[in-house]
Amino acid sequence: MTRREFLHATATAAAGLCLPVSRAGAQPAPAPGARPQPHIPRWRGFNLSGFLPHSRSWAIQESDYAWMAEWGFNFARLPVWYWMWSDPKTDWLKINEDAFQPIDAAIELGRKYHIYVNLCLHRIPGYCVNGREQEPHQLFDSPPNEYKKALDAAVRHWTYVARRYRDVPSNRLSFDLFNEPPFMQDQARYVDIARTLIAAIREVSPDRLIVADGADIGQTPVMGLVDQGIVQSTRGYLPKMVSHYTAGWVPANEFESTAKPTWPMVDKHGVTWDKEKLRAELITKWQPLVERGVPVHVGEWGAFNQTPHAACLAWMSDLLALWKEAGWGWAMWNLRGTFGPVDSGRADVAYEDFRGHKLDRRMLELLRAN
């Protein structure tokens, strides 16, 4: 039996994880051989994006955790690139262990401030939602031999991460396999990738809580992973015409309109986007998972700083109300930066001076209330 065959065979072998849950509800009995569904609290917090190459000006600080705790939040998602500790241009299987020290410190700050930490390989060997062509071999849309090289590298990196943090309990740390899988007609390859990575992690850290992002850049539930006993992570970026107005990194065909955002808003096809449209796209679509007892968490959401503040807050208010009604937690992108409540650089906000930073108090209080 090859290592990969072993990982597939052990994908459902370990026991389930139970964490305190904020919302009770009956769940169907798991199918024979399926791993029990985990229970999670309604985590609310932020992505701390300071480990990403384009976010170094927002390097993670202890104050990020202190503020979150002070304001009543309890969750930090840490997106990282494997390029932090490996060089794909030379040997992407070689891991520089010293490069993990800042991540170690960020996880420890979670313990200190009682902030739950979710570690996400935002760039994994073979894939990143931005610039995937920079990878030596591709996880998606690639022939079998190339796919195998990418998947083997991804397994190696997650195995190392799982081993490094296996003594940090799951009630403090979870793993998000990778960020926002691509748009896809068939989820079979994504399911194969996810199952293989889940098995690799559980071989080293059997009780680790694991998160898998939805397909189609986080927008579509993945029924092929229902039996894995994991959390599935959705997104809160629709409509893109509101959340990413003028954002140059978003492909033009993803914008429903290029007009200046309002809320509600009619797109270029005459479709009205309002709270009920959001419910249909972001809540109802995920009900088949919910009905199977799979926990759902919103791993990213927010609006770029070019969206008018009034439209941004009105849109946010509808999203937050829907997630609160559904019992779903969320992690805003980001705390400090162009989407968040601190140092966002919006031209139409009356900022509050806050310990040397610019605080969008109206946005913060909306978040705290939901």
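Everything below is about the structure printed above this text.
Counting of residues starts from 1 at the beginning of each chain's written sequence and follows it residue by residue. Where totals are concerned, whole chains, interfaces and linings use all residues; where local detail is concerned, this predicted model gives features only for residues with pLDDT of at least 70, and gives and counts side-chain atom pairs only at 80 or more. The basis for the side-chain values is all heavy atoms of the structure; hydrogens and waters are excluded.

A.B. asks: Outline the side chain of Asp360, listing residues and values.
C.D. replies: The helix and strand labels rest on DSSP assignments: H or I over at least four residues marks a helix, E over at least two residues marks a strand, and numbering proceeds from the N terminus. Relative to the assigned elements, Asp360 resides in the loop between strand E13 (357–359) and helix H11 (361–368). We call a residue buried when its accessible area falls under 20% of the maximum for its residue type, exposed when it is over 50%, and partly exposed in between, using a 1.4 Å probe and counting protein chains only. His is not counted, nor are the chain ends; Lys and Arg add positive charge and Asp and Glu add negative charge. By definition here, a salt bridge exists when the distance from a side-chain nitrogen of Lys or Arg to a carboxyl oxygen of Asp or Glu is within 4 Å. Although buried, Asp360 forms no salt bridge, and the nearest oppositely charged side chain, Arg346, lies 4.6 Å from it. Aside from chain neighbours lying at most four places away, what touches Asp360 is His309, Pro341, Arg346, Val349 and Tyr351. We call two residues in contact when some of their heavy atoms are within 4.5 Å.

A.B. asks: Before we move on, could you go through the nonpolar core and cite the residues and values that matter?
C.D. replies: To define a nonpolar core, start from buried Ala, Val, Leu, Ile, Met, Phe, Trp, Tyr and Cys residues and group those joined through side-chain atoms within 4.5 Å. One finds Tyr165, Leu177, Leu197, Trp301, Met316 and Leu367 to be the most contacted residues of the largest nonpolar core, which totals 98 residues. Setting aside residues up to four positions removed in sequence, Met316 forms contacts with Trp301, Met332, Met363, Leu366 and Leu367.

A.B. asks: Tell me about the pairing of strand E11 (residues 329–332), residues and numbers included.
C.D. replies: Walk down a regular strand and you will see the side chains alternate between the two sheet faces. Every second residue of E11 is oriented toward a common face, with Gly329 and Ala331 on one face and Trp330 and Met332 on the other, all of them buried. By the bridge criterion, three bridges tie strand E1 (residues 44–47) to E11 in an arrangement that is parallel. Residue pairing across strands places Gly45 opposite Ala331, the latter belonging to E11. Paired strands, as defined in this entry, are two strands with at least two bridges between them according to DSSP.

A.B. asks: Give me the lowdown on the packing of helix H8 (residues 275–283) against helix H10 (residues 309–326), citing residues and values where you can.
C.D. replies: Here an angle of 0 to 180 degrees is reported between the N-to-C directions of two axes, which are lines fitted to C-alpha atoms, with helices fitted over the stretch in contact. Relative orientation of the contacting elements H8 and H10 amounts to 50 degrees, with a least axis distance of 10 Å. Taken as axis vectors, H8 and H10 run oblique relative to one another. Seen along the crossing, H8 lies across H10 with a hand that is right-handed. Between H8 and H10, the contacting residues are Lys275, Leu278, Arg279, Leu282 and Ile283 on the first element and Trp315, Asp318, Leu319, Ala321, Leu322, Trp323, Glu325 and Ala326 on the second. By residue class, the composition of the contact of H8 with H10 is nine nonpolar, no polar and four charged. Oblique is the label for any angle not under 35 degrees, not over 145, and not in the 65 to 115 range, which are roughly parallel, roughly antiparallel and roughly perpendicular in turn. Throughout, a crossing is termed right-handed when the near helix is turned clockwise from the far one, and left-handed when it is turned anticlockwise from it by less than a right angle. We call Asp, Glu, Lys and Arg charged. Ala, Val, Leu, Ile, Met, Phe, Trp, Tyr, Cys and Pro are nonpolar, and the rest, Gly among them, are polar.

A.B. asks: Would you mind going over the packing of H10 against H11 in detail, with residue names and values included?
C.D. replies: Each pair of packed helices can be summarised by the angle the axes make with each other and by the distance between the axes. Between H10 and H11, the least distance of the axes is 10 Å, while the angle of their chain directions is 5 degrees. In terms of their interaxial angle, H10 and H11 are classed as roughly parallel. When H10 is examined against H11, the residues His309, Cys312, Leu313, Met316, Ser317 and Leu320 are found in contact with a partner set consisting of Arg362, Met363, Leu366 and Leu367. Among the residues making up the contact of H10 with H11, the classes are represented as seven nonpolar, two polar and one charged.

A.B. asks: Explain helix H4 (residues 144–164) to me, and be specific about the residues and the numbers.
C.D. replies: With 21 residues, H4 ought to run about 30 Å at 1.5 Å a step, and its terminal C-alpha atoms sit 30 Å apart, in line with that. Every buried residue of H4 is listed here: Tyr147, Ala150, Leu151, Ala153, Ala154, Val155, His157, Trp158, Thr159, Tyr160, Val161 and Ala162. In this analysis, the expected span of each helix is defined as 1.5 Å times one less than the number of residues it contains.

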